[in-house]
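Chains, contacts and geometry: an overview
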Amino acid sequence: MSTNTEAICRRYQAHAHVRTLFLAFAILLLIVATAIGLCCGATGMSFWEVVSSLLRDMGRGHSIIWMLRLPRIVMAALVGFGLGLAGVVFQAILRNPLASPFTLGVGSGAGLGAVSVILFWGGGFQTYRVACGAFLFSLVSATVIIAVAKMKRASSETMILTGIALMFLFSSLTSLFQYMGTMEQVHEIVFWFFGSLSKAGWNEIALAAAMILLPFPILLRRAWDFNLLASGDESALALGVNVNRLRMWAVAAASLVTAGCICFTGVIGFVGLVAPHITRMVIGNDHRFLLPASALVGAVILVTADTLGRTLWAPQVIPIGIVTSFIGVPFFFYLLMKRSREYW
Amino acid sequence: MLQAINLVFDYNGARVLESVGASVEKGCILSIVGPNGVGKTTLLKCIAGILRPAGGSVLIEDRDTFGMPRKELAKHLGYVAQNMPVRFSMTVFDTVLAGRRPYLAWRPSRKDLERTAKIIEEMNLADLAMRDMDRLSGGQAQKVLLARALAQDTRYLLLDEPTSSLDLRHQLEMLEVIATLVKSKGIGAMMAMHDLNLAARFSDTIMMLHRGRMFCSGTPSEVMTPENIREVYGVEADVRRENGHLHIQPLRCAGLNHPL
Amino acid sequence: MYAHGVTSRTFWIGWLAVALFLNLWIAPAFGASVLIEDALGRKVRLSLPIQTVVALNSDILEILRTLKAEDCVAGVFSEVVREHEFWGDLAQRPKVGSWREPNMETIAALKPDLVIAYSRNPGPLLERKMALFGIQVLRLDFYKVDTLEREVRVMGRLLNREKEAARFCDWYRRHLGVFRVKIARTLRRPAVYIESYTDYHAAGPGSGGDEMCVRAGGNNIAAGLSIPYPRVTPEWVLSRNPEVIIKAAAHGNGYTLRDPAPFNNCRDAILKRPAWHHIPAVASGNVHVMDSAIWTGPRAIIGIAHMLRWIHPNLFPDLNPEALHKEYLETFQGIAYHGVFVSDNIQGGGR
């Protein structure tokens, strides 16, 4: 091997190192954000009290940490992780920077599913049924988009338009149900729509974790295929990627993730669009790094947003959807203005 | 030998290819020429397995490719598209490395990296290795795509108008790179070409398509005759041989009396 | 001649009678008006008489029935059919659409003398549209304890039902007075967490729940917050150690319920909220759920009575909110008392 080749390899490895470093940094950031979130709350607890409450059963403090603060932080992290992940997957398979679980109607589909179950199918095991409803309806959106794409050999613009049309349809259906519902149901839907982490218990977290984390390794294994998809369906096909099958499975997996994100916490939309772009601007488009990094960035954003939402105007809680937009949008604009070139 | 036999392709009920055949030996270049919309790209896509033809077959060393898994096919046949949609672009190195995909585990092996680096060096892309694709000129990007197809380590290459959107200098450079590779590595290449002079100069054989059918094929001097060009392109042309090269000079549209 | 004289006298007396009659009946119809202060503090001039009214929400409709003015009701909000058992004949009146978004055209077609609406709902478009048809609009909120009496008297005056208005106001004031006097005797103000219909949304300052809590001698832990219906964290509630938790619920309609199960389920869900077993109210079982019918509105006084029993059980050993409710429904609404409006007390809890 010539020295020149060696040099190219070394430069590549240095480059890859930066991306690994970013991943490590994101994990560190998530840990810090979690720690800060754990220390913030209505009950004044010092850092050491928090740590000892975390480790030993000391009654009240232990309950506050383990039953109130930790679940909502873990849920925030999970949901952020899922939305960041689903955002990248949808953008990659549609080759469209505007794609996200919400612009494709997958989010509102899941929302309609959850609301329908809340309204029309009350009773025991609500948690699981809401999750199922959300997933089934998110699949409806995803299937329609894929079908349209296949039928008309559609461009990614057509897909986004289809998604937006679906989003409006599902939103109106949800509004209709809300209109028809009793006061009690309406309040439940309102609560749900604001996006809330207050109701996250360990049962919900376990289910959401399964829906969000299980598809992750499957999607990560396809990272090379997502990379190839960026250069067009034909090139990807010629390089041995079964594009149709990849698209179908990826959409199903991402829909499952989306459903897991929003069925217990309501509509927390913006992260799914922004986390992928923020990450992309820093580490580029290699999906082997982009998938986990965007997921981690989403988790950091949501955990931070939740902590801010709880503390900025305490004891009033600012719904997490609102905070997310407030911190996400300016940061996103900043990156858009600052960038020196087209990133997509 | 890469061989396409009696390919038939319909699009929206209209026949685009009518029983077209083509073949190329290792170490040879076959150029497919013909006016716009005649089915050059469709033919290449059918051979590459991107489009599924309604009839006919494609053989690589007498093995039918249609039953082959895609990943397997990608080890035998590389395809370079006319242009790449630039969205979510990666670095040059990552792009070329992606060509190793048929061989790649999730984490590229030392061998994959070395192979990629070697191709980048051979293609004179070393300075650009860590640059993002969307910051390359058209010629550079085209070279990277060719490099990616080379990274596939295939015996045959399909090139869809490799010189489109390149300036004169880069057209020549690109074709010289291709010709060198074909000869030195013994690769068989099929190219869709627009420029008849360049096609005549760099091809071992030329196939002329006309209305979805093969009009004629053979050596450049057999195919590039004023009669053929008039029939297929509707253009009066002057064909001369100088210094061992064919020169095709289009004069006027057939049926018109004033020169172009 | 004599006969003629008689005829002539009769004629003049008749004339006088006609003149008097005209004075009494026609004069007010042409030009009589009255100046009213509405719920937004605006002076509104309304021309009299008011004989037909469109009621845009349940609070207003209930007051109209209290004033025995059912005959005046020309149109009602559409949601009335959901509680047809409670409203009886009134549920059959022409519907003019949702209380939040009524159909202006339907209202105009009914040609009522007056449309009564909440101060904020529906929006100001209502006045503008109604003005086009020469229909008057009056905005009164019958859901605030402080202003209810004044507004009932205003309605009594407008509809010529002053006697009925006085009767209700006396009853209302008498009971509130008893509550106030007894509460003044103690300085104890137990901490109360009042949760609105949506989970973890407290009843803050300016909300009906807060007003009721104050009247019931409780210390609303959300009284110091900045907005009427703030969302709070479970941890904040826990950190304030409320002794009583009261939640509003709308399980359809309490009047038609025979079984307290929906309220009890809602109460049990609160008892089971994570980490809330550290809250005194949960530990002692002093957690209650109240139907929207007696939560604010004209019947807030019933809700206050329940709250008194929960917050100050020793102060009001003989207070029977259900008896009060029965008296209200039978005397003022003219309907039989039944239904379930609160969750059951937990043994040992609720004292």
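Residues numbered from 1 in each chain as written. Chains lettered and ligands numbered in written order. Predicted model: local features only at pLDDT ≥ 70, side-chain atom pairs only at ≥ 80, totals over all residues.

1. Details of the domain arrangement of chain B
All names here are of chain B.
- Considered domain by domain, chain B is made up of domain 1 (2-224) and domain 2 (232-260).
- Using only C-alpha atoms to locate each centre, domain 1 and domain 2 end up separated by 28 Å.
- Listed as interface residues are 12 residues of domain 1 and, on the opposing side, eight residues of domain 2.
- Secondary structure elements with two or more residues in the side of domain 1 that touches domain 2: helix H7 (196-202), strand S9 (205-210) and helix H8 (220-223).
- At four residues, the largest contribution of residues to the side of domain 1 that touches domain 2 is made by H7.
- By residue class, the composition of the side of domain 1 that touches domain 2 is seven nonpolar, four polar and one charged. (Domains from an automatic or database assignment. Contact = placed C-beta atoms within 7 Å. Helix = DSSP H or I, 4+ residues; strand = E, 2+ residues; numbered from the N terminus. Nonpolar A, V, L, I, M, F, W, Y, C, P; charged D, E, K, R; others polar.)

2. Structural notes on the environment of Gln-142 of chain B
Residue and element names in this part refer to chain B.
- Tracing the sequence through the fold places Gln-142 in helix H5 (residues 138-151).
- When the C-alpha positions of Gln-142 and Ala-22 are compared, they lie 25 Å apart, and in sequence the two are 120 residues distant.
- Those residues in contact with Gln-142, other than ones at most four positions away along the chain, are Pro-162, Leu-166 and Met-174.

3. Things to note about the interface of chain A and chain C
- Opposite the 23 residues of chain A that make contact, chain C presents 24 residues.
- Mapped by element, the contributors of at least two residues to the side of chain A that touches chain C are helix H3 (60-94) and helix H7 (183-194) of chain A.
- Examining the composition of the side of chain A that touches chain C, we find that six residues originate from one element, H3 of chain A, more than from any other.
- The residue inventory of the side of chain A that touches chain C, partitioned by class, reads 10 nonpolar, eight polar and five charged.

4. Regarding the interface of chain A and chain B
- Each side of the interface is counted separately: chain A has 32 residues, and chain B has 36 residues.
- Secondary-structure elements contributing two or more residues to the side of chain A that touches chain B are helix H1 (3-39), helix H10 (223-229) and helix H11 (233-238) of chain A.
- For the side of chain A that touches chain B, the leading source of residues is H1 of chain A, giving seven residues.

5. Here's the deal with the domain arrangement of chain C
All names here are of chain C.
- When its domains are assigned, chain C resolves into domain 1 (31-164) and domain 2 (187-333).
- For domain 1 and domain 2, the distance between their C-alpha centres works out to 29 Å.
- Every contact between the two is made by 15 residues of domain 1 and, on the other side, 13 residues of domain 2.
- Every element with two or more residues in the side of domain 1 that touches domain 2 is listed here: helix H2 (58-66), helix H3 (84-87) and helix H6 (145-158).
- Ranked by the residues each element gives to the side of domain 1 that touches domain 2, the list is headed by H2, at five residues.
- Looking at the side of domain 1 that touches domain 2 residue by residue, the classes come out as six nonpolar, one polar and eight charged.

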